[in-house]
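Here is how the chains run, residue by residue.
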Amino acid sequence: MANKDLTWEKTTQYNIGVDYSVLNGRISGVLDFYTSRTTDLLMQMGIPSLNGYTQTYANVGETSNIGVDITLNTVNIRTRDFEWATSLNVAWQKDKIEELANGKEDDINNNWFIGKSLGVIYGYESAGIWKEDDAAEMAEFNKKGHSFQVGMARPVDQNGDHKIDPNDDRIVVGHTRPRWTLGMTNTFSYKNFELSFMLYGRFDYMVDTGGEWQGGRYTQRKINYYNENNKNAEYQKPIHDDGGGDPYYRILGYKNGSFLKVRNISLGYVFPKNMVSKWNLSNLKVYVQAKNPGRIFSNIDFLELDASQNLTSTWNRGFTIGLNVGF
C-alpha cells in the first residue's frame, strides 16, 4: 500500500578518530569511535490485511547506534628479499530502537522492541530437552494442559507458573546482527613471489536455523536426535505429526552464529621488469587463488553463514588461475 506521508530518514552522527604511524611506518592504523541517531526510520512494516495489503513502508521511529572501528597495519619482518605484512580490521557496534510509531511501546507484530536491536529473535527460550529426571516438573506442566514427554523440547517458563504462555513466556532470545566483525590479511613476499591469505569472522550474534521438525520420514540432514540410546542429544525425539509433533521444536534451532573462516588464499609471481620490458610490457603477473577454502571454526557447521543474510547450505568455493598483463 502506498504511503503519501513518507519522508527522508535523518541521521546525526559524531565521530572521533585518530590516525597513527610509528617506527617509520612499520606500525600504522586508525581508531574511530562513533555514535549516531536516526529519526523517521524508513522500514517495511506489517499492517492488517483488511486494508487490502499486508505490508507497507513507513517512517516508524528512532534508532541509535554506537561503535568503534580499529585498523592496524604492521610490517612484521622486512629484509632485502623477504617481507611479512599484516592488515587487521576489527569493528564493534551496537544498535537499539529508541522509539516506534507509538512512542516507547514495543511492536511485537513487526518484531521491534524498545531498547533492543532492529534484528532480534523473539520467542521461547530453550532449556534443552526434557530428561527422565525432570518427570516431576514435567507433570506439573501437563496438569495445566501441556503434553510434554521425555525427549521433547523444553521451553523456559519465565514466570514460573508451570504453563507456557505466549504472552508471559516469550522473550527476546537474542540479536541477529553481529556485535563484532573481524578481517585480517597476511601477505608474504619473497623476491618475486607473493603469498597472501585473508581471514574473516563475525561474532556475538544469534541465528534461527529453524530447528529440526522430526515429524515423519522426510529427507533431511543427519542430526543428533534423542532416543533411548542417545539421551544427551542436541535435538528432540521423532514424533509423527498426526498428533501435532513437538510444538516447541524450533527453540532448539536458536544458535550462536559466530564463525571464523579463510576467505581467500592467493599465490602469485611477478615477472622481473627487465624481462617483461623485452616483450614491450609494463608488468606481468601469474597467480592462483582459492576462494573460501575452509573454516577455522563455526558454531553452525551445516550452514554457510558468510554467504548472505539468507541462510544457505551451499558453499561458494572455487579456484582461479589468472594472468595480469600491463602494456
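Look up: the structure comes first, before these words.
Residues numbered from 1 in each chain as written. Predicted model: local features only at pLDDT ≥ 70, side-chain atom pairs only at ≥ 80, totals over all residues. Heavy atoms only, no water.

**Student:** Hey, could you run me through the pattern of salt bridges in this one?
**Tutor:** Think of it this way: side chains of opposite charge can pair up when their charged atoms draw near. Applying the stated criterion across every chain yields a total of 18 salt bridges. The salt bridge partner of Arg37 is Glu98, with a shortest N-O separation of 3.9 Å. Taken as a pair, Arg37 in strand S2 (residues 27-39) and Glu98 in strand S6 (residues 82-99) lie far apart in primary sequence, 61 residues in all. Using a relative accessible area of 39% as the deciding quantity, one classes Arg37 as partly exposed. Glu98 gets classed as buried once you look at its relative accessible area, which sits at 11%. Across the salt bridge formed by Lys104 and Glu98, the nearest N and O atoms sit 4.0 Å from each other. (Salt bridge = Lys/Arg side-chain N within 4 Å of Asp/Glu carboxyl O. Helix = DSSP H or I, 4+ residues; strand = E, 2+ residues; numbered from the N terminus. Buried < 20%, exposed > 50% of the residue type's maximum accessible area, 1.4 Å probe, protein only.)

**Student:** Would you mind going over unusual backbone geometry with me for this structure?
**Tutor:** In most cases, non-glycine residues show a negative phi, while peptide bonds are predominantly trans. Phi is positive for Asp40, close to 55°, though the residue is something other than glycine. Looking at the secondary structure, you find Asp40 in the loop between S2 and strand S3 (42-46). The class of Asp40 is partly exposed, set by a relative accessible area of 29%.

**Student:** Looking at this model, I keep getting lost on the layout of surface pockets. Mind explaining?
**Tutor:** Where empty space is left can be seen by rolling a probe of water-molecule size over the atoms. Of the pockets and cavities examined, the second largest pocket occupies roughly 190 Å³. In this structure, the second largest pocket is lined by 13 residues; those nearest its centre are Met43, Asn110, Asn111, Trp112 and Leu118. Sorting elements by how many residues they give to the lining of the second largest pocket places S3 first, with 4 residues. (1 Å grid on protein atoms, 1.4 Å probe; cavity = no way out; pocket = protein on both sides within 12 Å on 5 of 7 lines; lining within 4 Å. Points joined across faces, edges and corners; volume = space filled by probe spheres on them.)

**Student:** Before we go on, may I ask you to explain the packing of aromatic side chains in this structure?
**Tutor:** What describes a pair of aromatic rings is the distance from one ring centre to the other and the angle between the planes of the rings. Taken as a whole and assessed by the stated rule, the structure comprises 14 aromatic pairs. Geometrically, the ring pair formed by Tyr200 and Phe259 is tilted, given 6.2 Å between the ring centres and 55° between the ring planes. Of this pair, Tyr200 sits in strand S12 (residues 193-203) while Phe259 sits in strand S15 (residues 259-270); the two residues are 59 residues apart in sequence, bridging distant segments of the chain. When its relative accessible area of 2% is taken as the criterion, Phe259 is described as buried. Among the aromatic residues, those joined into a ring-pair cluster are Tyr124, Trp130, Phe141, Phe148 and Tyr248. When the ring centre of Phe302 is taken as reference, the NZ or CZ atom of Arg221 above it lies at 3.5 Å. (Phe/Tyr/Trp six-rings, centres within 6.5 Å; stacked < 30°, edge-to-face > 60°. Lys NZ or Arg CZ within 6 Å of the ring centre and 35° of its normal.)

**Student:** Can you walk me through the sheet that holds strand S17 (residues 318-326) in this structure?
**Tutor:** Sheets are built from strands paired through backbone hydrogen bonds, the pairs being either parallel or antiparallel. Here 9 strands make up an open sheet; going across it, the order is S1-S2-S5-S6-S11-S12-S15-S16-S17 and the pairing antiparallel. Edge positions in the sheet fall to strand S1 (10-22) and S17, since each of these pairs with one other strand and no more. When the angles between neighbouring strand axes are averaged without regard to direction, this sheet yields 10°. The sheet contact formed by S15 and strand S16 (residues 283-298) spans 11 bridges and is antiparallel. Looking at S16, one finds that Val262 is bridged to Gly294. (Pairing = 2+ DSSP bridges. Axes fitted to C-alpha atoms, helices over the stretch in contact; angles between N-to-C directions.)

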